[in-house]
Amino acid sequence: MLSPNIETFLGCDADYASADLVLFGAPFDSTTSYRPGARFGPSAMRHESFGLETYSPYQDTDLTDFSIFDSGDLELCFGSSELALDAIQERAETILADGKLPLLIGGEHLVTLGAVRAALNHFPDLHMIHFDAHADLRQEYLGVQLSHACVLRRCHDLVGDGRIHQFCIRSGDREEFRFANAHTDMHKFSFDGLEEVVQALLNDGTPVYFTIDLDCLDPSCFPGTGTPEAGGVDFPSLLRAIQLVSRTNVVAADVNELAPMLDTSGASTALACKVLRELMLALERNRNK
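(A) Representation of the pattern of salt bridges in the model. Applying the stated criterion to the full structure yields 9 salt bridges. The partner of Arg-138 in a salt bridge is Glu-176, and the shortest N-O contact between them spans 3.5 Å. Of this pair, Arg-138 sits in the loop between strand E6 (127-131) and helix H4 (151-159) while Glu-176 sits in helix H5 (residues 174-183), and the two are 38 residues apart along the sequence. Residue Arg-277 is joined to Glu-278 by a salt bridge in which the shortest nitrogen-to-oxygen separation is 2.8 Å. Like Glu-278, Arg-277 is buried. Connected via shared salt-bridge partners are Arg-46, Asp-70 and Asp-73.

Encoded structure:
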C-alpha cells in the first residue's frame, strides 16, 4: 500500500501517542546578524540524517530502541519575531502538557526563547545549560531586543540570576561579560566546570533546559554557521559534554544555528546530524533508566 512521502529524521518515525521525545523544527533566521541561512537547517538535517546509522557505537544504543516522534517544521512568520516565538511556545506547550520532552531544531538561536517560555510555565525552578561561542547577553542589538544576539539576556529576564550556566563562550562585547560576571554562571572557552554544575543540578533534581548552539564547535570542523568563531571545541569534547548534561533532569532542549549552504561540502550538516542523534540517545537513555 502506498504511503505519503513524509521525511522524518532518521529513526524518529514512532507515533505521537507512544513517543516520550518529540522533535519539531523552527526554520527561522530573521534576526541573524551576519550570514543568514539557518532557516534551512532543520530540513537539511532531516534529509542528510539518512547518511547516518541509527546505531551509536559511542553509546552502544540505537534510535530504534526508543519511541521518538518527529512533528515536522513549524510554518513561522518571518516578518515578526514575536509571532514566530508564539508559535514555537505553543508547540512546546502542547508537547510538555502531554508529558513528553520537546526537542527543538533551529533555526537561529532566538527560537530558544519560545521553548524556554513554555518550559518555565511547567517548571518554575528551571535552570539552563547553554553551549555557545557567543554570550548572547546583549540588552539589544541594533535597537532590537528580540535578536539571536540577545536571546540569553531575554531568558535571564525570565529565570533570573544564577540559573543560566554558560560554556565555551569566547565572543561578546565587554558589557556582556560584565553582565555575566554579576548575573550568570559563565565558563569561558571550554567545558571546564561542567561536571560540578551537573552534579549540583543532579543533587537537587533541578529541571534543566539544554540549549546547544553548534557554533560552540570550532569552525575548522563546523564552518556551516552564520557567525563562526575561532577557538571552539571539537566533536569528541562536545559529545562527552552532551552525555554529561543528559544525566540531569533535562525537560526540554534544542540544537540550532546550522546554516547548511555555508558549507557546500556537507560536512557541517553531517556533524549536526550526529550531534542530534547523540543528544537524542543520551536523553532517552537517561529518561528510560
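(B) Up close: H4. The buried count for H4 comes to 7 of 9 residues, which makes it a mostly enclosed element. Buried residues of H4: Val-151, Leu-152, Arg-153, Arg-154, Cys-155, His-156 and Val-159, and no others. Where H4 is buried, its residues meet helix H3 (111-122), E6, strand E7 (164-169) and H5. Positive phi shows up at Gly-160, right after H4, with a value of about 85 degrees.

(C) Structural context of the nonpolar core. Ranked by size, the top nonpolar core spans 51 residues in total, and within it Phe-131, Phe-210 and Met-280 carry the most contacts. Here this core takes 10 residues from helix H8 (residues 267-287), the largest share from any one element. The residues contacting Phe-210, other than those within four sequence positions of it, are Ile-129, Phe-131, Ile-242, Val-245, Val-250, Ala-252, Ala-253, Asp-254 and Leu-279. Ala-26, Leu-85, Ile-164 and Phe-179 belong to the second-largest nonpolar core, a separate cluster that totals 38 residues.

Thresholds, definitions, all that
Residues numbered from 1 in each chain as written. Predicted model: local features only at pLDDT ≥ 70, side-chain atom pairs only at ≥ 80, totals over all residues. Heavy atoms only, no water. Salt bridge = Lys/Arg side-chain N within 4 Å of Asp/Glu carboxyl O. Helix = DSSP H or I, 4+ residues; strand = E, 2+ residues; numbered from the N terminus. Buried < 20%, exposed > 50% of the residue type's maximum accessible area, 1.4 Å probe, protein only. Contact = heavy atoms within 4.5 Å. Core = buried A, V, L, I, M, F, W, Y, C linked by side-chain atoms within 4.5 Å.

Take it as geometry only, folks, not as evidence of what the structure does.
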